[in-house]
Amino acid sequence: MEAYALTDIGRVRTMNQDYIYSSPEKVGSLPNLFLVADGMGGHRAGDYASRFAVENLVIYINRAGDGSPVMQLKKGIEAVNGMLYEESLKREELKGMGCTLVAGVVEDNILYVANVGDSRLYLIHGDSIRQVTRDHSYVEEMVALGQIRRNSQDYLKHKNIITRAVGTENRVRADFFEESLLPGDLILMCSDGLSNMTSAQEMIHCLDQECPLSQKAKYLIDTANQNGGRDNIATVLIEPQISEVTLC
């Protein structure tokens, strides 16, 4: 397995509130672990929230012992959410803080995913790209109810209003996904600073280049910045080795 993670402040923000973690090696009993968090909150609160969530989830997984990837991620996210919420009650400057979170684990030929908020995980194969996660956002709820059209003016205007986040309440519910992987699959995890500033076609163009993952990640971030860079940008690229996946 190969992986590369990169984050950038963007062209508008004065602070980077995105936080990433990438380990192709074992973390606790999990064979690997990849995380992207996007902080929310005034001044340093968002920065604090994303870093706290990622670092403490890694600590939790390292101490968790055995268990399926889904169970470890579920219990870990719930534990970290409670810890972050308690922190927000202790200090006035951290009140109301929280963060999105998307997590990925590859075991054998299966990709296990958890997400809270609107940070995303995509699965790319050749010239096709598919969003695996589902955004927890106001506009996606309105789309599901048939009250708004995806990518309409109303949709784009309210796109950044999220309906779930880690740490904003004493309990949180993550969504979980499982995907069978095939040789040639590429996994992209990102914050909305990338997904809001680059189209699917632009992502595919960046990822279709014959170059290392590090250069592909740089192409993605450069494209988001060229398109305005209105938010922090985080990306994690994961390329499972052929020997680790099998054709169905």
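Residues numbered from 1 in each chain as written. Predicted model: local features only at pLDDT ≥ 70, side-chain atom pairs only at ≥ 80, totals over all residues. Heavy atoms only, no water.

Trainee: I tried to follow the packing of helix α6 (residues 200-207) against helix α7 (residues 213-226) on my own but got confused; where do I start?
Mentor: Each pair of packed helices can be summarised by the angle the axes make with each other and by the distance between the axes. At a minimum axis distance of 8 Å, the contact between α6 and α7 shows a crossing angle of 150°. Crossing geometry of α6 relative to α7 is assigned as right-handed. Together, Glu202, Met203, Cys206 and Leu207 of α6 and Lys216, Tyr219, Leu220 and Thr223 of α7 make up the contact between the two elements. Among the residues forming the contact of α6 with α7, the class breakdown is 5 nonpolar, 1 polar and 2 charged. (Axes fitted to C-alpha atoms, helices over the stretch in contact; angles between N-to-C directions. Helix = DSSP H or I, 4+ residues; strand = E, 2+ residues; numbered from the N terminus. Left-handed = near helix turned anticlockwise from the far one by under 90°. Contact = heavy atoms within 4.5 Å. Nonpolar A, V, L, I, M, F, W, Y, C, P; charged D, E, K, R; others polar.)

Trainee: What's the story with the side chain of glutamine 72 in this structure? I'm lost.
Mentor: Looking at the secondary structure, you find glutamine 72 in helix α2 (residues 69-90). Of the polar contacts made by the side chain of glutamine 72, one reaches the side chain of serine 29; its length is 2.8 Å. Apart from residues lying up to four places away in sequence, glutamine 72 is in contact with Ser29, Leu30, Tyr60, Ile61, Ala64, Gly65, Asp66 and Gly67. (Polar contact = N/O pair within 3.5 Å; in protein donor to acceptor, adjacent residues only side chain to side chain.)

Trainee: Teacher, can you tell me more about the pairing of strand β6 (residues 120-125) here?
Mentor: Strand residues, when the strand is regular, have side chains that alternate between the two faces of the sheet. Taking burial as the measure, the 6 residues of β6 include 5 buried ones, the bulk of the element. Across 5 bridges, β6 lies against strand β9 (residues 186-190) in antiparallel orientation. Within the sheet, the bridge partner assigned to tyrosine 122 lies in β9 and is leucine 188. Bridge count between β6 and strand β7 (residues 128-131): 4 bridges; the pairing is antiparallel. The residue bridging leucine 123 from the neighbouring strand is arginine 130, located in β7. (Buried < 20%, exposed > 50% of the residue type's maximum accessible area, 1.4 Å probe, protein only. Pairing = 2+ DSSP bridges.)

Trainee: What should I look at first to understand the sheet that holds β9 in this one?
Mentor: The pairing of strands in a sheet comes from backbone hydrogen bonds and takes either a parallel or an antiparallel form. With antiparallel pairing, the 5 strands of this open sheet are ordered in space as β1-β10-β9-β6-β7. Of all the strands in the sheet, just β1 (2-8) and β7 have a single pairing partner and so form its edges. Pairwise comparison of adjacent strand axes, ignoring direction, gives a mean angle of 20° for this sheet. Sheet strands in contact with α6 are β6, β7, β9 and β10 (233-239), and its direction is about 120° off that of β7.

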